[in-house]
There are 2 protein chains.
Amino acid sequence: MSNNDIINLFLNPKSVAVIGASKNPLKGGNWIVNNLTLNNFKGEIYPINPNTEGKMYGLEIKKSVLDIENEVDLAIFYSPNKVVPEILKECIQKGIKGAIIQTAGFQEVGTDKGLELRDQILKITDNFKKIRIVGPNCMGITRFDNDSTSEEKGGFFSGFGVFNNYKRGNIAIISQSGMLNGGYLMYIMEKYPDIGFRYSCTIGNKPDLSEIEFLEYFLEDSTVNVIAIYLESFKDPRKFIELCRKAKTIPKKTLILVKGGLTSQGKKATLSHTGSLAENSQLTEAIIKQSGVIRAHSFHELFQFARTFSMMYNTGKQLPQKGGGVAIIVGSGGAGTILADLLMQHGLNLPLFRDKAYKTLEEIFPSWMPPNRFSLIDIWPAMEKAQKNNINRSVLLKLVYDAILGEPEIEGLFNMLFCSKRFRQQYNVDEMIKNTNQISKPIFFWLIGEAKEVAYISQLLANNNIPSFTNLEEMVKNYWILVQESKNQNQN
Amino acid sequence: MSNNDIINLFLNPKSVAVIGASKNPLKGGNWIVNNLTLNNFKGEIYPINPNTEGKMYGLEIKKSVLDIENEVDLAIFYSPNKVVPEILKECIQKGIKGAIIQTAGFQEVGTDKGLELRDQILKITDNFKKIRIVGPNCMGITRFDNDSTSEEKGGFFSGFGVFNNYKRGNIAIISQSGMLNGGYLMYIMEKYPDIGFRYSCTIGNKPDLSEIEFLEYFLEDSTVNVIAIYLESFKDPRKFIELCRKAKTIPKKTLILVKGGLTSQGKKATLSHTGSLAENSQLTEAIIKQSGVIRAHSFHELFQFARTFSMMYNTGKQLPQKGGGVAIIVGSGGAGTILADLLMQHGLNLPLFRDKAYKTLEEIFPSWMPPNRFSLIDIWPAMEKAQKNNINRSVLLKLVYDAILGEPEIEGLFNMLFCSKRFRQQYNVDEMIKNTNQISKPIFFWLIGEAKEVAYISQLLANNNIPSFTNLEEMVKNYWILVQESKNQNQN
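Treat the numbers as computed from the prediction; the structure is a model and nothing was measured. (Residues numbered from 1 in each chain as written. Chains lettered and ligands numbered in written order. Predicted model: local features only at pLDDT ≥ 70, side-chain atom pairs only at ≥ 80, totals over all residues.)

## Let's talk about the overall build of chain A
The number of helices and strands found in chain A is 18 helices and 19 strands. In terms of its C-alpha atoms, chain A occupies a principal-axis envelope of roughly 85 × 50 × 35 Å. Split into buried and exposed, the 492 residues of chain A put 56% on the buried side. Considering only intrachain contacts with a sequence separation of at least 6, the fraction spanning at least 24 residues in chain A is 73%. (Helix = DSSP H or I, 4+ residues; strand = E, 2+ residues; numbered from the N terminus. Buried ≥ 20, exposed ≤ 12 C-beta atoms within 10 Å, placed from the backbone. Contact = placed C-beta atoms within 7 Å.)

## Considering the interface of chain B and chain A
Listed per partner, the contact involves 62 residues of chain B and 62 residues of chain A. For the side of chain B that touches chain A, the secondary-structure elements that each account for two or more residues are α5 (183-191), α8 (264-274), α10 (299-315), α11 (333-345), β18 (443-449), α17 (451-463) and α18 (472-491) of chain B. Of the residues forming the side of chain B that touches chain A, the biggest block, 11 residues, is contributed by α11 of chain B. Counted by class, the side of chain B that touches chain A contains 24 nonpolar, 30 polar and 8 charged residues. (Nonpolar A, V, L, I, M, F, W, Y, C, P; charged D, E, K, R; others polar.)

## Details of the domain arrangement of chain A
The domains assigned to chain A are domain 1 (3-134), domain 2 (141-315) and domain 3 (326-491). Taken over C-alpha atoms, the centre of domain 1 of chain A sits 53 Å from the centre of domain 3 of chain A. (Domains from an automatic or database assignment.)

## Structural notes on the relation of the copies chain B and chain A
Turning chain B through 180° and shifting it by 0.0 Å along the axis lays it on chain A, with an RMSD of 0.0 Å. Here the symmetry operator amounts to a two-fold rotation axis. When C-alpha positions in chain B are compared against the rotation axis, the closest is assigned to Glu474 of chain B, at 5.9 Å. A high fraction, 98%, of the interface residues of chain B reappear at the interface in chain A, so the copies pair face to face through one surface. (Least-squares fit on C-alpha atoms with pLDDT ≥ 70 in both.)

## A few points about the environment of Ile68 of chain A
All names here are of chain A. With respect to the secondary-structure elements, Ile68 resides in the loop between β4 (59-60) and β5 (74-77). C-beta crowding within 10 Å serves as the criterion here: with 16 such atoms nearby, Ile68 is assigned to the partly exposed category. Sequence-wise, Ile68 and Asn349 are 281 residues apart; in three dimensions their C-alpha atoms are separated by 65 Å. When sequence neighbours within four positions are dropped, the list of residues in contact with Ile68 reads Ala17, Tyr46, Lys62 and Lys94.

## So, the nonpolar core
Core analysis: the biggest nonpolar cluster contains 311 residues, and Ala75, Ala99 and Ile256 of chain A together with Ala75, Ile76, Ala99 and Ile256 of chain B have the highest contact counts within it. Leave out the neighbours within four places in its chain, and Ile256 of chain B touches Val226, Ala228, Ile229, Val293, Ile294, Ala296, Leu302, Phe305 and Ala306 of chain B. (Core = buried A, V, L, I, M, F, W, Y, C linked by C-beta atoms within 7 Å.)

## A closer look at the packing of helix α7 (residues 237-248) of chain B against helix α9 (residues 281-291) of chain B
Residue and element names in this part refer to chain B. With their axes 8 Å apart at the nearest point, α7 and α9 run at an angle of 25° to one another. When the interaxial angle is binned, α7 and α9 end up roughly parallel. Of the two elements, α7 crosses α9, and the hand of that crossing is right-handed. Seen from α7, the contacting residues are Pro237, Phe240, Ile241, Cys244 and Arg245; seen from α9, they are Ile287, Gln290 and Ser291. Classifying every residue of the contact of α7 with α9 by side-chain character gives 5 nonpolar, 2 polar and 1 charged. (Axes fitted to C-alpha atoms, helices over the stretch in contact; angles between N-to-C directions. Parallel < 35°, antiparallel > 145°, perpendicular 65-115°, else oblique. Left-handed = near helix turned anticlockwise from the far one by under 90°.)

## Some details on the sheet that holds strand β6 (residues 98-101) of chain A
Sheets are built from strands paired through backbone hydrogen bonds, the pairs being either parallel or antiparallel. All names here are of chain A. In spatial order, the strands read β2-β1-β5-β6-β7; together these 5 strands make up an open sheet with parallel pairing. At either end of the open sheet lies a strand with only one pairing partner, and these are β2 (44-48) and β7 (132-134). Neighbour-to-neighbour, the strand axes of this sheet turn through a mean angle of 20°, independent of strand direction. Here strand β1 (residues 15-19) pairs with β5 via 4 bridges, running parallel. Counterpart to Val18 in the pairing with β5 is Ile76. Lying on the sheet, helix α2 (residues 28-38) is in contact with β1, β2 and β5; it crosses β2 at an angle near 170°. (Pairing = 2+ DSSP bridges.)

## Observations regarding helix α3 (residues 84-94) of chain B
All names here are of chain B. Every buried residue belonging to α3 is among Val84, Ile87, Leu88 and Cys91, and all of these are buried. In an axial view of α3, the angular spread of the buried residues amounts to 105°, which keeps them on one side of the axis. Facing away from the buried surface of α3 by more than 90 degrees, the exposed residues are Glu86 and Gln93. At its buried positions, α3 is contacted by β1 (15-19), β5 (74-77), β6 (98-101) and α4 (112-124). (Arc of directions from axis to C-beta.)

## A word on the pairing of strand β17 (residues 412-419) of chain A
All names here are of chain A. Counting buried residues along β17, 8 of its 8 residues qualify, which places the element largely inside the surrounding structure. With burial as the criterion, each face of β17 is covered, one bearing Gly412, Phe414, Met416 and Phe418 and the other bearing Leu413, Asn415, Leu417 and Cys419. Summarising the sheet, strand β15 (residues 326-330) and β17 pair through 4 bridges and their orientation is parallel. Looking across to β17, one finds that Ala327 is bridged to Leu413. The pairing of β17 with strand β18 (residues 443-449) spans 7 bridges and is parallel.

## Let's talk about unusual backbone geometry
With the exception of glycine, most residues fall at negative phi, and the peptide bonds are largely trans. All names here are of chain A. With an omega of 0°, the peptide bond between Gly135 and Pro136 qualifies as cis. Within the secondary structure, Pro136 sits in the loop between β7 and β8 (141-146). At Asn465, a residue that is not glycine, the phi angle is positive and equals roughly 60°. Position of Asn465 among the secondary structure elements: in the loop between α17 (451-463) and β19 (468-469). Taking the number of C-beta atoms within 10 Å as the measure of exposure, Asn465 has 20 and is therefore buried.

## Let's talk about the packing of helix α12 (residues 355-364) of chain A against helix α14 (residues 393-405) of chain A
Residue and element names in this part refer to chain A. Interaxial distance between α12 and α14 falls to 8 Å at its minimum, and their mutual angle equals 160°. Classified by the angle their axes make, α12 and α14 are roughly antiparallel. Crossing geometry of α12 relative to α14 is assigned as left-handed. Listed contacts from α14 to Ala357, Thr360, Leu361 and Ile364 of α12 are Leu396, Leu399, Val400, Ala403 and Ile404. Of the residues assigned to the contact of α12 with α14, the class counts are 8 nonpolar, 1 polar and no charged.

## Observations concerning the sheet that holds strand β12 (residues 226-231) of chain B
All names here are of chain B. An order of β9-β8-β11-β10-β12-β13-β14 is seen for the 7 strands of this open sheet, with the pairing classed as mixed. The two strands at the open ends of the sheet, each matched to only one other strand, are β9 (154-157) and β14 (294-295). Note: β12 against strand β13 (residues 254-259), 6 bridges, orientation parallel. Within β13, the residue paired with Leu231 across the bridge is Lys259.

## Regarding helix α6 (residues 211-220) of chain B
Since the α-helix turns once every 3.6 residues, residues separated by three or four places project in the same direction. Buried within α6 of chain B we find Glu211, Glu213, Phe214, Leu215, Tyr217 and Phe218 of chain B. On the buried face of α6 of chain B, the contacting elements are α1 (3-11), β10 (168-175), β11 (197-202), β12 and α7 of chain B.

## A word on the environment of Ala104 of chain A
Residue and element names in this part refer to chain A. Counting through the fold element by element, Ala104 comes out in the loop between β6 and α4 (112-124). Judged by C-beta crowding, with 25 C-beta atoms within 10 Å, Ala104 ranks as buried. Along the primary structure Ala104 and Asn81 are separated by 23 residues, whereas in three dimensions their C-alpha atoms are 6.4 Å apart. Ala104 has contacts with Asn81, Pro136 and Asn137, leaving out every residue within four places of it along the chain.

## Comments concerning the environment of Gly135 of chain B
All names here are of chain B. Among the structural elements, Gly135 can be located in the loop between β7 (132-134) and β8 (141-146). Residues Gly135 and Ala455, spaced 320 residues apart in sequence, show a C-alpha to C-alpha distance of 39 Å. With residues near it in sequence (within four places) discarded, Gly135 still touches Ile100, Ile101, Gln102, Gly204 and Asn205.

Set out below in structure tokens:
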């Protein structure tokens with residue numbers, strides 16, 4: 001079986017056995033079966049527990065995988081660590097080709113018992129020749145086929161965190177932290193109801209299958225545009241770099257990485273978490289640099305960056321090509337100042353307007369307050385003038401968009417919007433979204449004002465794949481990664 | 001009149017004239033009177049407009065300040081720039097001692113007309129000897145006496161952004177960006193319903209009164225613990241440094257600064273915003289370093305930092321004294337790893353446990369998964385064991401708190417909490433809050449899980465002045481500033 005075939009089996013099994021299935025609704029072995037059935041797993045599910053009888057979620061519980069008559073593709077382990085080796089033997093005997101071992105308590109514990117169990121697995125599987133393994137010490141794999149709101153909701157949900165709200169999208173996760181197929185992923189999906197995922201794969205201690213095989217698969221999977229990765233160590237640095245570079249030659253494929261274990265105490269943490277010996281920091285930096293992967297420094301950044309790229313790919317926006325010229329439209333000079341500083345600190349800049357664009361702006365602005373010659377537009381006086389002349393703000397904005405985004409040096413736009421229910425009719429969000437969608441350059445919004453109205457406008461924008469932020473620094477970083485990615489792609 | 005007396009007049013006027021008051025509900029001159037009356041300004045309000053007659057908000061509109069019979073403390077200008085000099089003459093004639101000029105269109109415009117108006121003001125006021133000025137080009141001053149939910153709501157609300165939701169607290173703002181007494185402040189107060197302010201003072205182009213006089217006043221005002229400052233230039237760097245250093249000798253007094261105009265394009269922005277010639281970056285860095293002020297890099301950071309200090313002072317928490325030893329409690333090894341890295345990158349560390357503390361932890365953890373010897377606690381296995389023994393999570397947490405926070409090197413704690421309505425009964429938030437309040441060391445929470453439950457728990461914590469975050473980087477930065485502030489205070 002090729003690597004892509006085996007990953008395909010882990011992502012698209014036709015039948016699964018859940019080892020350690022439990023009727024007790026406070027146990028992980030219960031939640032896994034719940035998650036699978038609730039989310040309409042289309043294949044066969046066999047709950048296995050030698051100490052239980054009867055049915056759970058309408059499925060008959062069996063004592064052993066050997067009691068199953070039909071073929072089984074995958075075994076999902078949520079049993080105590082000490083019984084894993086014996087049951088793994090039975091899985092091999094049954095001809096099961098893959099196991100997702102969520103159970104913890106192997107080399108990461110650092111005790112003799114943990115190491116002994118690891119060695120037993122290596123022996124029983126003949127170094128993973130007899131059965132392929134994802135984990136141990138992971139939180140399963142999820143494949144999102146359809147949104148939770150659709151009738152055909154679900155896919156393959158094998159983690160013990162039970163998912164209720166999700167959206168299918170173009171992001172795949174590869175993670176050494178189980179949380180990214182559990183509590184944190186749930187939080188992100190509720191925080192950004194627009195963000196959509198295709199897969200989430202947790203790989204745990206990864207003695208067998210690792211980031212490498214999943215990455216290889218996702219490079220060829222056209223449903224995946226963005227790959228969000230959390231690693232505590234690199235399984236094969238040379239191959240990782242090779243795959244990241246290959247990604248740059250594939251249209252609409254962006255990799256984002258968070259690396260854990262950068263410091264001495266971070267390394268101690270990875271050792272006790274996934275038994276990972278994190279590389280020394282120089283090597284880590286070299287790997288990241290050579291790979292050209294987009295780097296995130298926390299889970300928060302990882303998903304915010306993933307969301308931004310996902311939106312850009314969904315709408316076919318053109319990533320900035322020429323080196324970071326942008327324009328700013330603000331209603332606050334203070335915000336404009338901070339934003340100008342942040343942009344320059346990130347290597348971006350505010351180009352000067354050509355005469356034609358500047359003339360248009362001069363006409364829009366009152367004579368007592370002419371516009372800047374560089375691409376920082378404090379729109380307030382122009383809005384006052386427009387109001388006097390009964391011109392709607394979205395019409396005014398369209399004039400400004402057309403004037404400044406025609407400038408070739410300006411490859412993107414930051415637009416501040418004051419959100420107040422009282423002013424809603426004045427800025428006509430639908431018009432603004434229409435205008436934004438018509439332009440191939442990225443337009444990001446910075447929202448302030450009434451919190452409820454900010455949430456409302458932010459959601460409207462997100463539904464149309466338009467990124468918005470309430471934090472200037474985050475907005476600039478999320479634009480800056482587009483410039484980085486475009487630069488990396490051009491170097492290939 | 002001493003500087004403190006004049007600032008006192010601007011913060012606590014007994015009577016105000018609003019120049020440019022308008023009956024049109026779409027104009028700033030209307031909103032100011034609305035804001036004052038809605039928020040129960042206790043003194044006299046005189047709307048002034050030579051082109052209008054009748055009443056607004058129950059107040060008779062007069063043609064000129066000279067038509068007012070009684071004494072007037074302050075004039076608030078929201079008139080076209082070109083009429084400011086003439087009306088200022090009348091104000092002087094009337095004996096008005098201070099003017100808040102919100103009108104823009106002076107030196108910041110960069111036109112001859114703007115500079116001419118500035119010069120006229122200098123001449124008419126005899127260099128601010130005849131009347132003292134806040135602004136021009138600002139958004140007024142607010143004094144918060146009582147929460148918006150109380151019957152006695154309000155104070156002195158002179159900006160044109162009409163405030164509906166606010167809380168009185170121990171934070172004062174000094175800002176060259178009007179937004180911080182307008183849309184952005186509204187956003188912050190709705191985002192953090194627990195955050196409370198005492199004053200917000202926007203100073204605009206500050207040819208007369210500046211950050212210096214307000215800062216001097218707030219150092220002596222015991223209702224103010226935290227001073228959040230946004231500057232585009234320093235009016236008097238030497239004096240600024242002196243006042244910041246003086247603040248370090250006053251208990252419960254912390255200054256936080258965002259400086260705009262750090263880069264060449266940021267400087268161009270300050271010039272067109274408040275006519276400020278921002279210092280060159282070396283000088284700026286030197287001033288900030290010598291002042292020992294806590295530095296924020298964006299408005300978002302400014303208010304998050306202010307909120308954290310506000311909470312610490314409200315609860316009398318002890319700022320870390322010994323150099324940054326902390327403990328982590330997580331339910332996710334990945335989060336623990338990232339957090340350990342972030343801590344070390346900020347100069348913090350995870351001390352080793354003494355035998356006594358470690359013994360307690362060993363008893364709490366299952367034998368198959370012993371705890372770390374350093375202060376990163378992955379609580380999951382201990383929670384499973386506690387569940388088996390029917391021990392509530394909040395009881396377990398209390399045992400851990402008592403064991404590790406007794407260690408002298410551990411001066412603070414980061415606690416991860418998975419928020420799920422289903423698990424609410426298991427962690428007993430009220431108990432947890434009680435435990436947290438009993439400990440004098442700062443305890444910060446990192447919340448993940450269901451978004452609604454995160455918001456619910458976050459609010460419960462905030463109501464008790466316990467900071468919580470959903471972003472690991474932000475949590476570490478907000479703790480790191482406590483270490484910085486404590487270090488600065490000790491050096492004095």
